[in-house]
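Residue strings, one per chain:
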Amino acid sequence: MKVGVVTFPGSLDDVDAQRAVRLGGHEAVALWHGDHDLRGVDAVVLPGGFSYGDYLRCGAISRFSPVMTEVVEAAGRGMPVLGICNGFQILCESHLLPGALIRNQRQKFLCLDQRLRIERTDTPWTAAYAEGQEVVIALKNGEGAFVADDETLDRLEGEGQVVARYLGENPNGSLRDIAGISNERGNVVGLMPHPEHSVEELCGTGTDGLGFFALATLAAEVFA
């Protein structure tokens, strides 16, 4: 599969995401925030970083990038889209996912090896995991607390749209320990931890994050 990785001004982890895509067995295609087409890719990753310097709000300016017009339209047709950290913020600002990410509860940037439980596995991005599987993935954020009103939270829980949940002490104050969510269809996933930093034994937390980039063929075909 061809997986596009978008670079915004201020993106930090785009090259890491491209490497993770290749380690997952796919072709990484670099996309620029000013692109008006997706260059024939089969899936898109919005990487972590500080797009447009996080001015106004994290992801608030990025949602108006030309490439996001294409991403929103493609997601509506079923294309798999993964937003990591800042990419998760952009997905929320673009209304592809509900809720918002706000300042960490302790008002500090954090960086740690985080235990997670994978809770939804019928998405292209999580099909390589078993439901309930516990993993350790790098987490680094300053505005990583997921919030939404009770009605939205109940809907996410009731419809199985919570993709991953923090285990142990809640690192950033995310409501209901939510680390990642999906849209109802499951093709769009937002994740605050950084699986692209957990894809090799040599560096980071091991390889627990590699499953997010496997894009299991069967799952991908469902959303084609």
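Residues numbered from 1 in each chain as written. Predicted model: local features only at pLDDT ≥ 70, side-chain atom pairs only at ≥ 80, totals over all residues. Heavy atoms only, no water.

- For the chain, an unreviewed UniProt entry supplies the name Phosphoribosylformylglycinamidine synthase subunit PurQ and the organism Nocardioides deserti.
- Taken directly from UniProt, the Pathway (unreviewed entry) text for the chain runs: "Purine metabolism; IMP biosynthesis via de novo pathway; 5-amino-1-(5-phospho-D-ribosyl)imidazole from N(2)-formyl-N(1)-(5-phospho-D-ribosyl)glycinamide: step 1/2."
- Listed under Subcellular location (unreviewed entry) in UniProt, the entry text for the chain is "Cytoplasm". (UniProt positions renumbered as here; feature names shortened; annotations may be inferred.)

**Re the overall build of the chain**
Working step 1: Summing up its helical and strand segments, the chain has five helices and eleven strands in all.
Working step 2: Computed over its C-alpha atoms, the radius of gyration of the chain comes to 15 Å, within 12% of the 17 Å expected for a compact globule of 224 residues.
Working step 3: In terms of overall dimensions, the chain has a C-alpha envelope of 40 × 40 × 35 Å along the principal axes.
Working step 4: Within the span of the chain, comprising 224 residues, buried residues form 55% of the whole.
Working step 5: Of the contacts made within the chain by residues no fewer than 6 positions apart, 72% connect residues no fewer than 24 positions apart.
Working step 6: Within the chain, one finds 18 positive and 31 negative side-chain charges whose respective centroids are separated by 3 Å. (Helix = DSSP H or I, 4+ residues; strand = E, 2+ residues; numbered from the N terminus. Rg over C-alpha atoms; globule rule 2.2 N^0.38 Å. Buried < 20%, exposed > 50% of the residue type's maximum accessible area, 1.4 Å probe, protein only. Contact = heavy atoms within 4.5 Å. Lys, Arg positive; Asp, Glu negative; His and termini not counted. Charge placed at Lys NZ, Arg CZ, Asp CG, Glu CD.)

**Description of helix 4 (residues 150-158)**
Working step 1: Regarding helix 4, the residues found buried are Thr152, Leu153 and Leu156. Considered in projection along helix 4, the buried side chains sweep an arc of 100° and stay on one side of the axis. Turned more than 90 degrees off the buried face of helix 4, the exposed positions are Asp150, Glu151 and Gly158.
Working step 2: On its buried face, helix 4 is in contact with strand 8 (145-147), strand 9 (162-166) and strand 10 (178-182).
Working step 3: Its side-chain oxygen 3.2 Å from the backbone nitrogen of Glu151, Asp149 forms the N-cap of helix 4.
Working step 4: Gly160 sits one or two residues past helix 4 and shows a positive phi near 70°. (Arc of directions from axis to C-beta. Polar contact = N/O pair within 3.5 Å; in protein donor to acceptor, adjacent residues only side chain to side chain.)

**Describing the pairing of strand 4 (residues 81-84)**
Working step 1: On strand 4, burial covers both faces: Val81 and Gly83 on one face and Leu82 and Ile84 on the other are all buried.
Working step 2: Crossover handedness for the path strand 3 (residues 43-46) to helix 2 (residues 66-76) to strand 4: right-handed.
Working step 3: Both strand 4 and strand 11 (residues 188-191) contribute to a ladder of four bridges, which runs parallel. Bridge pairing links Val81 to Val188 in strand 11. (Right-handed = clockwise from strand over helix to strand, strands pointing away. Pairing = 2+ DSSP bridges.)

**Considerations on a nonpolar patch on the surface**
Working step 1: Among the surface-exposed residues, Leu12, Phe50 and Phe109 lie close enough to one another that they form a single nonpolar patch of about 300 Å² accessible area.
Working step 2: Here Leu12 is to be found in the loop between strand 1 (2-7) and helix 1 (14-23). (Patch = residues over 30% accessible without salt bridge, like charges linked within 9 Å, V, L, I, M, F, W, Y side chains within 5 Å. Areas by Shrake-Rupley, 256 points an atom, 1.4 Å probe, with all protein chains shown as cover. Salt bridge = Lys/Arg side-chain N within 4 Å of Asp/Glu carboxyl O.)

**Considerations on the pattern of salt bridges**
Working step 1: Scanning all chains against the criterion turns up ten salt bridges.
Working step 2: The salt bridge involving Arg103 is made with Glu143; its shortest N-O contact spans 3.5 Å. Of the two residues, Arg103 is situated in the loop between strand 5 (100-102) and strand 6 (110-118) and Glu143 in the loop between strand 7 (134-141) and strand 8; the sequence distance between them amounts to 40 residues.
Working step 3: The salt bridge partner of Arg165 is Glu119, with a shortest N-O separation of 2.8 Å. With Arg165 in strand 9 and Glu119 in the loop between strand 6 and strand 7, the pair connects residues that are 46 residues apart, well separated along the chain.

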